[in-house]
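Below are the chains, spelled out letter by letter.
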Amino acid sequence: MKTLLSLLTIFIFSFNVAQNSPRKSLDPGLYPFYHGVASGDPLSDAVILWTRVTDDSITIDSVNISWRIATDTSMTSVINSGNGFAYLNKDWTFKVDALGLQANTWYYYDFHALGHYSIRGRTKTAPVGDIDSVRLAIVSCSNYEHGYFNAYRYLRNRNDFDAVLHLGDYIYEYETGGYSSNISGRDNQPSNEIITLEDYRLRYSHYHLDDDLRALHQQYPFITVWDDHESANDSYIDGAENHSSSTEGLWTDRKSNSTQAYHEWLPIRSPVPGDQQIYRKIQYGDLIDLLMLDTRLEGRSEQGGSASDPNRTILGQTQFSWLTNELNNSSARWKILGQQVMMAPLEIFGATLNDDQWDGYDYERGRLYDSINANNINNIVVLTGDIHTSWVNDLPLSNYSASSCTGSIGVEFVVTSVTSPGLSFLGSTTTSAIALFNPHIQYTNLSEHGYLILDVNKTKVTGNYYYMNDVDNILSGEYFDDAYEVLDGEKCANQSSGQTIRTTPPPSLAPDYPIGYLSNTNNSEEEFVVFGAYPNPFYDNLTLQLFIPNSTDLKIEIYDISGKLVYSDAINNVSKGLKYAKIYLSFLNPGIYSLKIYNKEQVSSKIIIKK
């Protein structure tokens, strides 16, 4: 999402080691589940559970893993359990749809593999029937290089909502320094712009090792959709602004790589097994039909051209028909759309500012509005991310009147970014111009980072905006700014009298440590860990992701299948932390090899690699 921003304004041997991570510790008690656990897409009787297995001694292409889900933190009241496999061809990630659960219930879950338990996660199923309220945390646009994920940590500690909706830009595709605040220690890995399947997998692994993101995933179910940066900036069905086929290969390959890694690394349930489709419905009793959309890759035409062209689409005909059918047949009190780009118009002097938004697809937006209006569908709320700023908008028809609250089909809450830069440089003059030319816009904040708490009950929906003091420092403080609400039966937003508070007692957070953690006598000593080798099989180079517990010398050796040493190299004084090493191996013949890594204490890790 850089369109609006632009409009409105080591060491080198035969391998390299990136010395750039603030992660200076790695708890060995998390082995082999260093990336934590996650859950998502809650139904009334099921939820997706996720984890990833890491072990540098694995010499086969699968690892047996067991799981269980219980009603208590000690995991004694187990409701369901099972076994499966984490596979090399899925980057050692594992997902299972845990069935047989009770509605509107908090659960705890964990995994077991290679003789060890994961940390326990906490999740919640969706309710059924007549319910009073649902409370959701809304986030978007978490660029690793633009700051610390403080919003995730403060959300984790709130313990007063039911699920997290992530509306896209969960990762960013840029190379190190390509779209950055240049904060020391907050560098993208891999360092290149991500294009291949292995690139995307490595970027997700890098994000999931962030303590704040891992902690939030541990405690709450996520409901996610991708936006553009999970593939490439300003993407659409047939390409992207940040993709050049002449230098980066076929877009179809890159799109396939990005969507595969997304489904591997996030706890999402695809409506069709094996399909990349992400538009879907999640029901919260008779209170909410939550319709998650894909305005990016499913059917979007390329940006530009006439917005009134009936052949241009942002949803695609199949998804559009699905959406209008769901809206027409919904019996829920609130119809909430979770999607990527601003739906309300944004103009100055009659000129559209960003054709990447629904403004660039006005004909299809008009069709959607007409369908909602003609079928007298009430209580439409749209949730939006993408533009790194906060907005509350009425969704106006041609006869819209702000003073009388008429001519609107619903209300849109746009959440700001977790870290990605906003429009603070524009100043009050631009804000005044936006208000003058867009009377349907009730609230804007163009500079702060944070999150939205959406409180939904039978009488109203309230959006509470919270912001970080800054994202350049860890946990620097947060504050409540403002809240807006839309009443049952009305179609415009009004300022609320203050933030809404959940008063019901919160359930216990999942414990910070796995079962058996205290009995592990080595917990005080950090481990030398290799998280993975990408790609594997490889062609001419290999990237290793590893954790160094103390400053050390490294030695890398590669042996062929006969045991002959075919490669050896070393680097001195590698600093403590998470590191990435690229090894150039174009000279090797195709075959199976054993790669060994030693530190100066002669602690070794071995990986089987293929060329």
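Residues numbered from 1 in each chain as written. Predicted model: local features only at pLDDT ≥ 70, side-chain atom pairs only at ≥ 80, totals over all residues. Heavy atoms only, no water.

Visitor: Help me out: how do you make sense of the pattern of salt bridges in this one?
Guide: Counted by the stated rule, this structure contains 29 salt bridges. The shortest N-O distance in the salt bridge between Arg-254 and Glu-248 comes to 3.3 Å. Overall, Arg-254 belongs to the buried group, its relative accessible area being 1%. Judged by relative accessible area, Glu-248 falls into the buried class, the value being 17%. In this structure, Arg-333 engages Asp-488 in a salt bridge whose closest nitrogen and oxygen atoms are separated by 3.0 Å. With a gap of 155 residues between them, Arg-333 in the loop between helix H7 (317–329) and strand E17 (334–339) and Asp-488 in the loop between strand E26 (478–487) and strand E27 (494–495) connect regions that are remote in the sequence. On the basis of relative accessible area, Arg-333 is assigned to the partly exposed category, the value being 33%. Via salt bridges that share partners, Asp-227, Asp-228, Arg-296, Arg-300, Asp-356 and Asp-386 belong to a single interconnected network. (Salt bridge = Lys/Arg side-chain N within 4 Å of Asp/Glu carboxyl O. Buried < 20%, exposed > 50% of the residue type's maximum accessible area, 1.4 Å probe, protein only. Helix = DSSP H or I, 4+ residues; strand = E, 2+ residues; numbered from the N terminus.)

Visitor: Could you clarify how one ought to interpret the packing of H7 against helix H8 (residues 362–374) in this entry?
Guide: Each pair of packed helices gets described by two things: the angle between the helix axes and the distance between those axes. Contact pair H7 / H8: the axes reach a minimum separation of 10 Å and the direction vectors enclose 20°. Our classification of the angle between H7 and H8 gives roughly parallel. Between H7 and H8 the crossing geometry is right-handed. Residues Gln-317, Phe-320, Leu-323, Thr-324, Leu-327 and Asn-328 of H7 form the contact with H8, whose own contacting residues are Glu-364, Arg-367, Leu-368, Ser-371 and Ile-372. Within the contact of H7 with H8, the residues separate by chemical class into five nonpolar, four polar and two charged. (Axes fitted to C-alpha atoms, helices over the stretch in contact; angles between N-to-C directions. Parallel < 35°, antiparallel > 145°, perpendicular 65-115°, else oblique. Left-handed = near helix turned anticlockwise from the far one by under 90°. Contact = heavy atoms within 4.5 Å. Nonpolar A, V, L, I, M, F, W, Y, C, P; charged D, E, K, R; others polar.)

Visitor: Can you help me understand the state of the cysteines in this one?
Guide: What we call a disulfide is simply a covalent bond connecting the sulfur atoms of a pair of cysteines. Tallying each qualifying case throughout the model produces one disulfide. Disulfide pairing places Cys-405 opposite Cys-492 at an S-S distance of 1.7 Å. Residues Cys-405 and Cys-492 are joined through a disulfide that is left-handed, its torsion about the S-S bond being -105°. Here Cys-405, found in the loop between strand E21 (390–401) and strand E22 (406–414), pairs with Cys-492, found in the loop between E26 and E27; they are 87 residues apart in sequence, far enough to count as distant. Cys-492 sits in the buried class, given a relative accessible area of 6%. (Disulfide = S-S within 2.5 Å.)

Visitor: Please clarify how the pairing of E21 should be interpreted in this entry.
Guide: Remark: a regular strand shows side chains that alternate across the two faces of the sheet. In terms of burial, E21 is largely enclosed, as nine of its 12 residues are buried. Examined bridge by bridge, E21 and strand E23 (residues 441–445) share four bridges and lie antiparallel to one another. Paired with Ser-390 across the two strands is Asn-445, which belongs to E23. Note: E21 against E22, six bridges, orientation antiparallel. Among the inter-strand pairings, Val-392 is bridged to a residue of E22, identified as Phe-413. Between E21 and E22, which follow one another and run antiparallel, lie four residues, and Cys-405 among them has a positive phi close to 55°. (Pairing = 2+ DSSP bridges.)

Visitor: So what exactly am I meant to see when it comes to the packing of aromatic side chains here?
Guide: Going through the model one piece at a time under the given rule, you end up with 27 aromatic pairs. Ring centres 5.4 Å apart and planes at 40° place the aromatic pair Tyr-443 and Tyr-484 in the tilted group. You can see Tyr-443 sitting in strand E23 and its partner Tyr-484 sitting in strand E26, a full 41 residues away along the chain. Classification of Tyr-443 as buried rests on a relative accessible area of 7%. Given the relative accessible area of 9%, Tyr-484 is considered buried. Ring geometry for Tyr-467 and Tyr-479: centres 5.9 Å apart, planes at 55°, overall tilted. Here Tyr-479 lies in strand E26 and Tyr-467 lies in strand E25 (residues 460–468), a separation of 12 residues in the sequence. For Tyr-479, a relative accessible area of 30% translates into the label partly exposed. Taken together, Tyr-144, Phe-149, Tyr-152, Tyr-170, Tyr-204, Tyr-207, Trp-226 and Tyr-262 form an aromatic cluster joined through their ring pairs. Directly above the aromatic system of Tyr-220 lies the positively charged group of Arg-122, at a separation of 5.0 Å from the ring centroid. (Phe/Tyr/Trp six-rings, centres within 6.5 Å; stacked < 30°, edge-to-face > 60°. Lys NZ or Arg CZ within 6 Å of the ring centre and 35° of its normal.)

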